[in-house]
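Chain residues, written in single-letter form:
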Amino acid sequence: MKPIEIAKNIYWVGAIDWLTRDFHGYSTERGTTYNAYLILDEKVTLIDTVKKTYIDELLHCITAIIDPKKIDYLVVNHVEPDHSGALPEIINAVTPEKVICSKMGQKALIQHFHNEDWPYHVVASGDELSLGERTLSFMETRMLHWPDSMFSYVKEEQILFSNDAFGEHLATSERFDDQVDQSVLMHEATKYYANILTLYSPLIKKLLAKVSEMQLPINMIAPDHGVVWRSNPQKIIDAYAKWCNNQGNGTVVIVYDTMWESTRKMARSIAEGLQEEGVSYTFLDLQINHRSDVMTVVLEASAVILGCPTLNNGMLPRMAGFLMYMRGLRPTNKIGACFGSYGWSGEAVGLMNDALKEMKFTMCHQGLKVQYVPREEHLAQCVELGKTIASSMKDMREGKEVKSVL
Ligand code: FEO
């Protein structure tokens, strides 16, 4: 890939990773990009680097513009290795005057690369640094999503370099938001938020309020993954505002696993109950849906209904793994209910109930268990469960208090 000029004398110089399909447990079926940016000014500045294995692509891009040795400043907005993996080799090649990072960034860089002698230049929120014609300002964004994370902002061009925030895992030959299919772009941005940022929604809410209070003009958002938002940066800011406020979209997601079809039959009848009440739902079998795709639907759903049979006094492993994953991401403000078949002990429904209660879901049902294979009367109970979920959602939508029954 050749460098792309995103503004006068500011270049994208990253790498496109068409190959990766797994990002620490998050499925990336469209690959990803590692974005780095080069600013040509009196002080030539490189913002972020790439995953270690892509260093040749980074150097190829930089060399097409300038001798890498002419780089003065390296900005490390985020230390996770997909952005700093190439840093040691870049520092050796460039011998920069400054390695600019947050206080937590310096600590994390030392813990990753065990080098205390790099020319660290620690910045905090509000600090500014002149590059010559331009000024870079910094904003720490601790825990969005690592302690070291920060934004860098070029005042003159009003470009926000946002590291992971506002990004998406999307390998494409295009570099800008207006060049790609909008439904694909927003799907991948939703998936990114759901699987990386849901846990930090309260911090994102505060950050967006702070940015709004500062009245920071943003002409372009240049994240470290995916495309640069040049035409409509407000679109992704608005989406983050919606997601961080946990506004459900009025739909239900039924997530289940099944052993001998009984729990699937129950799931279908619950869906029938929802359909009868005119409620839209998504039906996700964990045997064929990756947990990160399930979380993408969970992010925007108003109710999450879990189904699993009992295996060895517990749950099937796919449901247990999904619950562990969802518990870490802590989605909030949702209605919940659980169901499943069992043979003789029947613990799964209780365990799923406990997990959703711990996540502070509003439980609209005590849970529905059926021994072995559901009869017509059991399936009728499942239809009723679907209607109970629909009724709770209607109450919530109308602002009535919905109390958890568990
Ligand atoms: Fe893209 Fe948190 O690294």
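Residues numbered from 1 in each chain as written. Predicted model: local features only at pLDDT ≥ 70, side-chain atom pairs only at ≥ 80, totals over all residues. Heavy atoms only, no water.

1. Some remarks on the domain arrangement of the protein chain
Then step 1. For the protein chain, the domain assignment lists domain 1 (4–244) and domain 2 (253–391).
Then step 2. If you average the C-alpha positions of domain 1 and of domain 2, the two centres end up 38 Å apart.
Then step 3. Listed by partner, the interface residues are 15 residues for domain 1 and 13 residues for domain 2.
Then step 4. Both faces combined, the contact of domain 1 with domain 2 buries some 1,200 Å², and carbon together with sulfur accounts for 55% of it.
Then step 5. The largest per-residue losses of area from domain 1 upon contact with domain 2 belong to N195, T198 and L199, which jointly make up 39% of the total buried on that side.
Then step 6. Scanning the region where domain 1 abuts domain 2 turns up two salt bridges.
Then step 7. Its salt-bridge partner being E300, residue K242 comes within 3.0 Å of it at the nearest N-O pair.
Then step 8. Taken together, the links from domain 1 to domain 2 amount to eight residue pairs in polar contact (both at pLDDT 80 or more). (Domains from an automatic or database assignment. Contact = heavy atoms within 4.5 Å. Buried area = accessible area lost by both parts, 1.4 Å probe. Salt bridge = Lys/Arg side-chain N within 4 Å of Asp/Glu carboxyl O. Polar contact = N/O pair within 3.5 Å; in protein donor to acceptor, adjacent residues only side chain to side chain.)

2. Considering a nonpolar patch on the surface
Then step 1. Judged by side-chain polarity, M259, W260 and L311 come together as a nonpolar surface patch covering roughly 350 Å² of accessible area.
Then step 2. Tracing the chain through its elements places M259 in the loop between β17 (252–256) and α8 (262–276). (Patch = residues over 30% accessible without salt bridge, like charges linked within 9 Å, V, L, I, M, F, W, Y side chains within 5 Å. Areas by Shrake-Rupley, 256 points an atom, 1.4 Å probe, with all protein chains shown as cover. Helix = DSSP H or I, 4+ residues; strand = E, 2+ residues; numbered from the N terminus.)

3. Some points on helix α9 (residues 291–300)
Then step 1. Within α9, seven of the ten residues are buried, leaving the element largely enclosed by the surrounding structure.
Then step 2. Turning to α9, its buried residues are S292, V294, M295, T296, V298, L299 and E300. (Buried < 20%, exposed > 50% of the residue type's maximum accessible area, 1.4 Å probe, protein only.)

4. Examining the sheet that holds strand β15 (residues 159–161)
Then step 1. Spatial ordering of the open sheet is given by β12-β13-β14-β15-β16, a layout of five strands whose pairing is mixed. Of all strands in the sheet, those bounded by a partner on one side alone are β12 (128–130) and β16 (220–222). Across the sheet, the mean angle from the axis of one strand to that of its neighbour is 20°, orientation sign disregarded.
Then step 2. Sheet topology note: the β12/strand β13 (residues 135–140) ladder contains three bridges and is antiparallel. In the strand pairing of β13, L129 is matched with L136. (Pairing = 2+ DSSP bridges. Axes fitted to C-alpha atoms, helices over the stretch in contact; angles between N-to-C directions.)

5. Digging into the sheet that holds strand β9 (residues 71–75)
Then step 1. The seven strands lie next to each other as β1-β2-β7-β8-β9-β10-β11, forming an open sheet whose pairing is mixed. Looking at the sheet topology across the chains shown, the edges are occupied by β1 (4–7) and β11 (120–123). Pairwise comparison of adjacent strand axes, ignoring direction, gives a mean angle of 25° for this sheet.
Then step 2. One ladder, built from three bridges, connects β1 with strand β2 (residues 10–12); its direction is antiparallel. Across the sheet, residue I4 finds its bridge partner in β2, namely W12.
Then step 3. Lying on the sheet, helix α3 (residues 87–94) is in contact with β8 (44–47), β9 and β10 (98–102); it crosses β9 at an angle near 160°.

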